[in-house]
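Each chain, letter by letter, is given below.
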Amino acid sequence: MTDSSDSGLGERERAVLALERRSWPGPGAKERAVRERLGLSATRYYQLLNALLDDPRALEHDPVTVNRLRRVRAEKEQRR
């Protein structure tokens, strides 16, 4: 993983990826953390996250998380 200061991502973008790396104990815990730590609504958070999945800087910063989330997104799109 590249040093975060070299990735070109802002602090908020790195925080979004960090939240996605975690596992969450139950329903609502992640959304609560998004509100408390980032001051974002769940809708805005997921908009930012979706844009990050298409950002090459995010892939460089955290390839494991970004590739996992890309697979999840692709599976959801195939089910539609």
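What comes next concerns the included structure.

Rules of the game
- Residue positions are given per chain, counted from 1 along the sequence in the order it is written.
- Only residues with pLDDT of 70 or above have their local features reported here, since the model is predicted, and side-chain atom pairs are shown and tallied only from 80 upward, although totals for entire chains, interfaces and linings are computed over all residues.
- Side-chain numbers come from the whole structure's heavy atoms, not from hydrogens or water.
- Only rings of Phe, Tyr and Trp enter the pairing, Trp through its six-membered ring, and a pair is recorded when the two centres are within 6.5 Å. The plane angle decides the type: under 30 degrees is stacked, over 60 is edge-to-face, the rest tilted.
- Charges are assigned to positions over rings by a cutoff of 6 Å between ring centre and Lys NZ or Arg CZ, combined with an angular limit of 35 degrees from the ring normal.
- To define axes, lines are fitted to C-alpha atoms, for helices over the stretch in contact only, and angles between the resulting N-to-C directions are given on a 0 to 180 degree scale.
- Helix and strand assignments come from DSSP, with helices taken as H or I runs of at least 4 residues and strands as E runs of at least 2, each series counted from the N terminus.
- Note that the term roughly parallel is reserved for angles under 35 degrees, roughly antiparallel for angles over 145, roughly perpendicular for angles of 65 to 115, and oblique for everything else.
- Left-handed describes a crossing in which the near helix is turned anticlockwise from the far one by less than a right angle; the clockwise case is right-handed.
- Any two residues having at least one pair of non-hydrogen atoms within 4.5 Å are treated as being in contact.

1. As for the packing of aromatic side chains
Taken as a whole and assessed by the stated rule, the structure comprises one aromatic pair. Ring centres of Tyr 45 and Tyr 46 lie 5.1 Å apart, and the angle between their planes is 80 degrees; on these two criteria the pair is classed as edge-to-face. One Lys or Arg, Arg 22, reaches over the ring of Trp 24 and ends 4.2 Å from the middle of that ring.

2. Let's talk about the packing of helix α1 (residues 11–21) against helix α2 (residues 29–38)
The relative placement of two packed helices comes down to the angle between their axes together with the axis-to-axis distance. Between α1 and α2, the least distance of the axes is 11 Å, while the angle of their chain directions is 155 degrees. On the basis of their axis angle, the class for α1 and α2 is roughly antiparallel. When the axes of α1 and α2 are compared, the crossing they make is right-handed. Every residue of α2 that contacts α1 at Ala 15, Val 16, Leu 19 and Glu 20 is listed here: Lys 30, Ala 33, Val 34, Arg 37 and Leu 38.

Don't take any of this as a statement about function, it's just geometry.
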